[in-house]
Each structure stands twice: as structure tokens, then as C-alpha cells.
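Residue-level structure breakdown
Chain by chain, the residues:
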Amino acid sequence: MAVCDVCGNDYDKAFQVTVAGNTRTFDSFECAIHALAPRCATCGVRIIGHGLESDGTIFCCDHCAKAEGVSNLRDRV
Ligand SMILES: [Zn+2]
Ligand SMILES: [Zn+2]
């Protein structure tokens, strides 16, 4: 049994995610995404996939990157 860091649910199938040595506990991917997923610098959407990154700024898609004047980005895999 473990308690979710985000919503406080005590769930027997909770899981842990370690980011940069910091371990967090979640009861669902939804809560993990809420806590860990970066936001697009342009539209604010949660980035669940790979996203696009330029100088530490993350975008959800090429359209949003271009809106900030960033061009020539490719999917970072
Ligand atoms: Zn939760
Ligand atoms: Zn976006």
C-alpha cells in the first residue's frame, strides 16, 4: 500500500517514478503526468510524448515552436 503524492489516494497498485534521484509515488499515470510532465511553452498543454526541445524550452509540437520563433526543430527521441 502506498499513498499517491498528488491526490492522496491509498492504493495497493501505486507505483514509483524516480526523476533525477527524487522518487515520487503515484496511484495512476494521470497523477504522475500532473506532477511530472512538462508544459508546452506556447500553449501550456501537458507534454506526454517526447515533445520538442530548444535551449531548455519545451514545445508540444512544431507549430508551437514556430510560434515562439524557433525553427528547424525535429522530434527529439
Ligand atoms: Zn493520485
Ligand atoms: Zn503547444
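Details of the structure are given in the entry above.
Residues numbered from 1 in each chain as written. Chains lettered and ligands numbered in written order. Predicted model: local features only at pLDDT ≥ 70, side-chain atom pairs only at ≥ 80, totals over all residues. Heavy atoms only, no water.

Section: the coordination of the zinc ion (ligand 1)
Let me state the cut-off plainly: Because no water is among the atoms considered, metal sites can look incomplete, with donors defined as N, O and S atoms within 2.8 Å of the metal, or 3.2 Å for Na, K and Ca. Buried, partly exposed and exposed residues are distinguished by accessible area as a fraction of the type maximum, computed with a 1.4 Å probe on protein chains only: under 20%, between the cut-offs, and over 50%, respectively.
For the zinc ion (ligand 1), the full set of protein donor atoms is Cys4 (SG), Cys7 (SG), Asp27 (OD) and Cys31 (SG), at a range of 2.1 to 2.3 Å. Given the relative accessible area of 3%, Cys4 is considered buried.

Side note on the coordination of the zinc ion (ligand 2)
Test applied: Helix numbering and strand numbering both begin at the N terminus, where a helix is a DSSP run of H or I of at least 4 residues and a strand a DSSP run of E of at least 2.
Around the zinc ion (ligand 2), the donor atoms from the protein are Cys40 (SG), Cys43 (SG), Cys60 (SG) and Cys64 (SG), and they sit 2.3 to 2.4 Å away. Mapped onto the polypeptide sequence, the residues donating to the zinc ion (ligand 2) form the spacing pattern C-x2-C-x16-C-x3-C. Here Cys40 is found in the loop between helix 1 (29-36) and strand 5 (52-54), whereas its partner Cys60 is found in the loop between strand 6 (57-59) and helix 2 (62-67), with 20 residues between them in sequence. Residue class for Cys40 comes out buried when judged on its relative accessible area of 4%. By relative accessible area, which is 30% here, Cys60 ends up partly exposed.

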